[in-house]
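As a plain string of letters, each chain reads:
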Amino acid sequence: MGLTFAEKLLALKAGKSKTVPGEIVEVTPDVCMTHDNTAYIAQTFKKIGVEKVRDPSIHVVTLDHCVPAANEKFANNHREARAFAAEQGITLYDIDMGICHQVLPEMGWALPGTLVVGADSHSTTYGAYGAFGTGITRSEAAVIMATGKIWLRVPESMQIYLKGRFQAGVTSKDFMLHLAREIGVDGALYRSIEFCGPVVDEMSLASRVVMPNLAVEIGAKNGYIRADHITDTWLKGRARKDYTKVEPEPDARYTETLTFDVSELPPMVSGPHNVDAAKPAREFAGKKIQQAFLGSCCNNRLEDIAVAAQVLKGKRIHPGVRMICIPASRETLLAALKEGYVQTLIEAGAVFLNPGCGPCMGNHEGVLADGDVCISASNRNFLGRMGNPKAEIYLASPRTVAASAIAGEIVDFRDI
Amino acid sequence: MPEIVKGRVWKYGDNINTDVIFPGKYTYTINDPKEMAKHAMEDADSEFVQKVKPGDIIVAGKNFGCGSSREQAAICLKEAGVGAIVAKSFSRIYFRNCINIGLPMVTSTEASDHLKPGDTVTIDFKKGKITTPTDTFDFPPLPEAILGIVDAGGLIPYTRNRLGKA
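Residues numbered from 1 in each chain as written. Chains lettered and ligands numbered in written order. Predicted model: local features only at pLDDT ≥ 70, side-chain atom pairs only at ≥ 80, totals over all residues. Heavy atoms only, no water.

Participant: I keep staring at the overall build of chain A and nothing clicks. Help me out?
Facilitator: Secondary structure assignment for chain A yields 13 helices and 18 strands. For chain A, the C-alpha radius of gyration of 20 Å lies close to 22 Å, the compact-globule estimate for 416 residues. With the C-alpha coordinates aligned to their principal axes, the bounding extent of chain A is approximately 55 × 50 × 40 Å. Burial statistics for chain A: of 416 residues in total, 65% are counted as buried. Within chain A, residue pairs in contact and separated by at least 24 positions form 76% of the contacts whose partners lie at least 6 positions apart. Surface exposure of chain A reaches about 13900 Å², of which carbon and sulfur atoms provide 50%. (Helix = DSSP H or I, 4+ residues; strand = E, 2+ residues; numbered from the N terminus. Rg over C-alpha atoms; globule rule 2.2 N^0.38 Å. Buried < 20%, exposed > 50% of the residue type's maximum accessible area, 1.4 Å probe, protein only. Contact = heavy atoms within 4.5 Å. Areas by Shrake-Rupley, 256 points an atom, 1.4 Å probe, with all protein chains shown as cover.)

What follows is the structure in C-alpha cells.
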C-alpha cells in the first residue's frame, strides 16, 4: 500500500519510513512562520525558560496583519516583534513586504517537499507549492522556538479531482466556494486534501494558491498540489535552497476521491456568514453593496489585479461603492504599477493601499459600517469578520468583485 | 486538567467560528487573559459574558472553533470561567488550542444532541462520563500521546518539564 502525500511527508519529517492516518508523530518543521502575533509568542517563549531560539534559521517573521500600525497598541506590538527577531537573529520582513502567505513563497521559504507551519490558519496556502503547509497555535510556535519540534496527527487524505474546462472568467475561487457548498465547512475536517486533475495541472500558480488557501475553510489540515514545471519556473531564482519534491505514491489509499467536472460551473458567491453559504452569483443578483474588497491572502496577486483592471478599464465604479484594492506583496504592487493596473483601478475610482491584510480581519483600512454589505475576494465572511457584526460579507472571485463594484450590486459578470 | 467539571450548559449550534468567539480586531492589542475574557463569545452571544459562572459548560454542534488559529478564542473562554466544551467535533487548530492551554474538551455527538441549555452537567474525565440528572453519556479518552500534555497542565508546562526547566 502506497503513501499519500501527507503520510509520506510527515514520515520524512519524523525520520520514519512510513506513517498511518491517526498516528501522532513528532516532526521537525523546515519553516515556522509567525506574523504580528510574534510579540505575544515571544512572551510565551520566554515562559518556557529558554534563552535562545534553538534554530533561528527556520523561523521567519512577517509583519502584515495591521501595517502600517493603526494605533499605538499595534505600533508597540510591532516594536516588540522587531526587537525579538533582532535579539534572536530571526529573519523579519517588515511592513513594506506584504502578506506572509505571499512573501514566504516569493522569498523562497515555501518549497516543494518542505514542512511549513505557521501561527496562522491560512498557512495551508503553502501547499500550492508542493509543501505541507498547516496552521499551528501561538503556544506551538513558541515551543518550536524552544525545541525545534511539534507533534502532528497524521491526517486521513482525500483527493479532489478537477476535470473539464472552466467557462470564460470562472476560476478556482468559484470552484472552492462551490466545493464548500457541496461538502460543508467541515467537509474535510482534519483531512489532507490533494487537489489534482487536468484542470489543476493547467492552472497558473496564482489560481492554484486559492485552493489550499481555502482548504482550511472546509476544515482541512493541509491542501496539496503537486509541484510541476510551473512551480519550478516560478521558484527559479527564489528558492533559498535546493528542494526534493515529495509526491503521493500511485497506489496510495484515500478516504475518498471526489471528482468534479467544472465545465458547467457558474460564477459563485458565498453569502453571510459562512463560506459554505455559496450559490451561483445570479441568485444574489441585485443585492446592493457599499464596499468591494480586492485583497487578502486568497485573491490579490498580479493575475487577480489584472482581471480587475481589465473589468474596470475605462469604467467608473458605482458612486455608492467604495472599492479597496490591497496587493498581496511589494513585488505584486511593483508589477501592478509597471503594467498600469494601479492607474486603471484608481482612475475607475478605487482606493489602492499598501500590501498587507488590510480590513480582512477588521483591524483597519476599510472596516465596515453598520448595515454595510461588502463583496470581497477574501476567504472569510464570518459575522463581524471585517470589524462590525452589523455588516454582511459576500465572498467572490476578483472578476465578480470588480463587476459588482461597477454595478453597485452583486452581479453575474456575464450579465453586464 | 481537572478530573471533574460541574456546571450549567450553554448551548450553541454548528460551526461556531473564532471570529464570533473572539473578534479579530482584538487579536493584536489584547494580551491580558482577563481582558480577553471580557470579549468571550462577543459576536455569538452578547449575554454570555454577563451571565457565565465558573464551571459552566459550552455544548455545541460540529466544527466548534473553525476559522482563525487565534489562541485567545480558547483562552477567553477559560478565563471567563468555562469548565469544559462539549461538541460533535472541533476544528483542528481549536482542538490543539484547548489541549495547549488546558481547556478541557469532549467530543460527543450524543451528548451534544441531548444536553439542553441550563442543564446542570457533571463531566468526569477519568471515567469518561457526562452525567445529567437523567442521562449518562460515555466518551473515549484522548490519545495517549496527547494526554501527557493535558496531565502537565498544557503545552508550556509540558515543554518546561521536558526540558528540565520545571
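From this point, the narrative continues.
Participant: So what exactly am I meant to see when it comes to the overall build of chain B here?
Facilitator: In terms of regular secondary structure, chain B is built from eight helices and seven strands. For a compact globule of 166 residues, the expected C-alpha radius of gyration is about 15 Å, and chain B comes in at 15 Å, within 12% of that figure. A total of 166 residues make up chain B; the buried ones form 58% of that total. Once local pairs closer than 6 in sequence are excluded, the contacts in chain B between residues at least 24 apart make up 66%.

Participant: Which parts of the structure should I look at to understand the interface of chain B and chain A?
Facilitator: By a widely used convention, the size of an interface equals the accessible area lost when the partners come together. Contact residues are listed per partner, giving 42 residues for chain B and 49 residues for chain A. Buried surface at the junction of chain B and chain A, summed over both partners, amounts to about 3900 Å²; 56% is from carbon and sulfur atoms. Area buried by chain B at its contact with chain A is led by B:Y28, B:R92 and B:R96, which between them contribute 23% of it. Run the count over chain B and chain A and you get four salt bridges. B:R96 is the salt-bridge partner of A:E140, the closest N and O atoms lying 2.7 Å from each other. Applying the counting rule to chain B against chain A returns 20 residue pairs in polar contact (both at pLDDT 80 or more). Mapped onto the side of chain B that touches chain A, the elements with two or more residues apiece are α1 (18-21), α4 (72-80), α5 (92-101), α7 (144-152) and α8 (155-162) of chain B. A per-element tally of the side of chain B that touches chain A places α5(B) first, with six residues. (Buried area = accessible area lost by both parts, 1.4 Å probe. Salt bridge = Lys/Arg side-chain N within 4 Å of Asp/Glu carboxyl O. Polar contact = N/O pair within 3.5 Å; in protein donor to acceptor, adjacent residues only side chain to side chain.)

Participant: When you look at the sheet that holds strand β9 (residues 192-196) of chain A in this model, what are you seeing that I'm missing?
Facilitator: Residues and elements named next belong to chain A. Strands sit in the order β10-β9-β8-β11 across an open sheet of four strands; the sheet is parallel. Where the open sheet ends on each side, the last strands, each with one partner, are β10 (222-224) and β11 (256-261). Each neighbouring strand pair of the sheet contributes to a mean axis angle of 20°, computed without reference to strand direction. Sheet topology places strand β8 (residues 157-163) next to β11; six bridges connect them, and they run parallel. Paired with Y161 across the strands is T259, a residue of β11. Here helix α8 (residues 205-215) sits on the sheet and contacts β8, β9 and β10; the angle it forms with β9, its principal contact strand, is near 160°. (Pairing = 2+ DSSP bridges. Axes fitted to C-alpha atoms, helices over the stretch in contact; angles between N-to-C directions.)

Participant: How should I be thinking about the pairing of strand β3 (residues 84-87) of chain B in this particular structure?
Facilitator: On a regular strand, one side chain projects to one face of the sheet and the next to the other, so that they alternate. Residues and elements named next belong to chain B. The side-chain alternation of β3 yields two buried faces, one formed by A84 and V86 and the other by I85 and A87. When strand β2 (residues 57-60) meets β3, the two strands line up parallel, connected through four bridges. Along β3, the bridge assignment pairs I57 with A84. Each parallel crossover has a hand, and for β2 linked through α4 to β3 it is right-handed. Bridge count between β3 and strand β4 (residues 105-107): three bridges; the pairing is parallel. Note on β4: the bridge partner recorded for I85 is M105. (Right-handed = clockwise from strand over helix to strand, strands pointing away.)

Participant: Can you help me understand the domain arrangement of chain A in this one?
Facilitator: All names here are of chain A. Taken domain by domain, chain A comprises domain 1 (5-259) and domain 2 (268-411). The distance between the C-alpha centroids of domain 1 and domain 2 comes to 24 Å. On the side of domain 2, 39 residues touch domain 1, which itself brings 38 residues to the contact. On the domain 1 side of the contact with domain 2, I99, K173 and L177 bury the most area, a combined 20% of that side's loss. At the boundary of domain 1 and domain 2, one finds two salt bridges. In this structure, E331 engages R238 in a salt bridge whose closest nitrogen and oxygen atoms are separated by 2.8 Å. (Domains from an automatic or database assignment.)

Participant: Got a minute to help me understand the sheet that holds strand β6 (residues 132-135) of chain A in this structure?
Facilitator: Strands pair in a sheet through their backbones, by hydrogen bonds, and they do so in one of two ways: parallel or antiparallel. Residue and element names in this part refer to chain A. Read from one edge to the other, the open sheet built from five strands follows the order β4-β3-β2-β5-β6, with strand pairing classed as parallel. Because the sheet does not close on itself, it has two edges, and the strands there are β4 (91-93) and β6. Averaged over all pairs of adjacent strands, the angle between their axes in this sheet comes to 20°, without regard to strand direction. By the bridge criterion, three bridges tie strand β2 (residues 31-34) to strand β3 (residues 59-62) in an arrangement that is parallel. Bridge pairing in β3 places C32 opposite H59.

Participant: Any chance you could explain the nonpolar core here in plain terms?
Facilitator: Most often, soluble globular proteins have nonpolar side chains that are buried together. Residues and elements named next belong to chain A. Membership of the largest hydrophobic core comes to 95 residues, with the highest contact counts inside it found for I160, L162, F175, I193, F195, M211 and M323. Considering each element in turn, this core owes the most residues, six residues, to helix α10 (residues 302-312). Here this core gathers at least three residues from each of two domains, domain 1 (5-259) and domain 2 (268-411). Not counting chain neighbours up to four residues away, the residues in contact with I193 comprise M158, I160, A188, A215, I218, A220, N222, G223 and Y224. (Core = buried A, V, L, I, M, F, W, Y, C linked by side-chain atoms within 4.5 Å.)

Participant: In this structure, what is going on with the packing of aromatic side chains? I would like to understand it.
Facilitator: Two aromatic rings are characterised by how far apart their centres lie and by the angle between their planes. In the structure shown here, the tally under the stated rule is eleven aromatic pairs over all chains. Ring geometry for A:F45 versus A:F84: centroids 5.8 Å apart, planes at 70°, classification edge-to-face. With A:F45 in helix α2 (residues 38-48) and A:F84 in helix α3 (residues 72-88), the pair connects residues that are 39 residues apart, well separated along the chain. In this pair, the class of A:F45 matches that of A:F84, namely buried. Ring centres 5.9 Å apart and planes at 65° place the aromatic pair B:F22 and B:Y26 in the edge-to-face group. When its relative accessible area of 17% is taken as the criterion, B:Y26 is described as buried. Through pairs of rings, three or more aromatic residues link up here, namely A:F5, A:F132 and A:Y224. The positively charged end of A:R240 is found above the aromatic ring belonging to A:W109, 3.9 Å away from the centroid. Lying across the ring of A:W151, B:R96 places its NZ or CZ 3.9 Å from the centre. (Phe/Tyr/Trp six-rings, centres within 6.5 Å; stacked < 30°, edge-to-face > 60°. Lys NZ or Arg CZ within 6 Å of the ring centre and 35° of its normal.)

Participant: What should I look at first to understand unusual backbone geometry in this one?
Facilitator: Glycine aside, the phi torsion of most residues is negative, and most peptide linkages are trans. Omega for the bond connecting A:V67 with A:P68 falls within 30 degrees of zero, at -15°, which places this linkage in the cis form. At A:Y190, a position not held by glycine, the phi torsion is positive, near 70°. Mapped onto the elements, A:Y190 comes out in the loop between α6 (172-183) and β9. For B:M41, which is not glycine, the phi dihedral falls at a positive 60°. By the element assignment, B:M41 lies in the loop between α2 (33-37) and α3 (48-51). Classification of B:M41 as buried rests on a relative accessible area of 0%.

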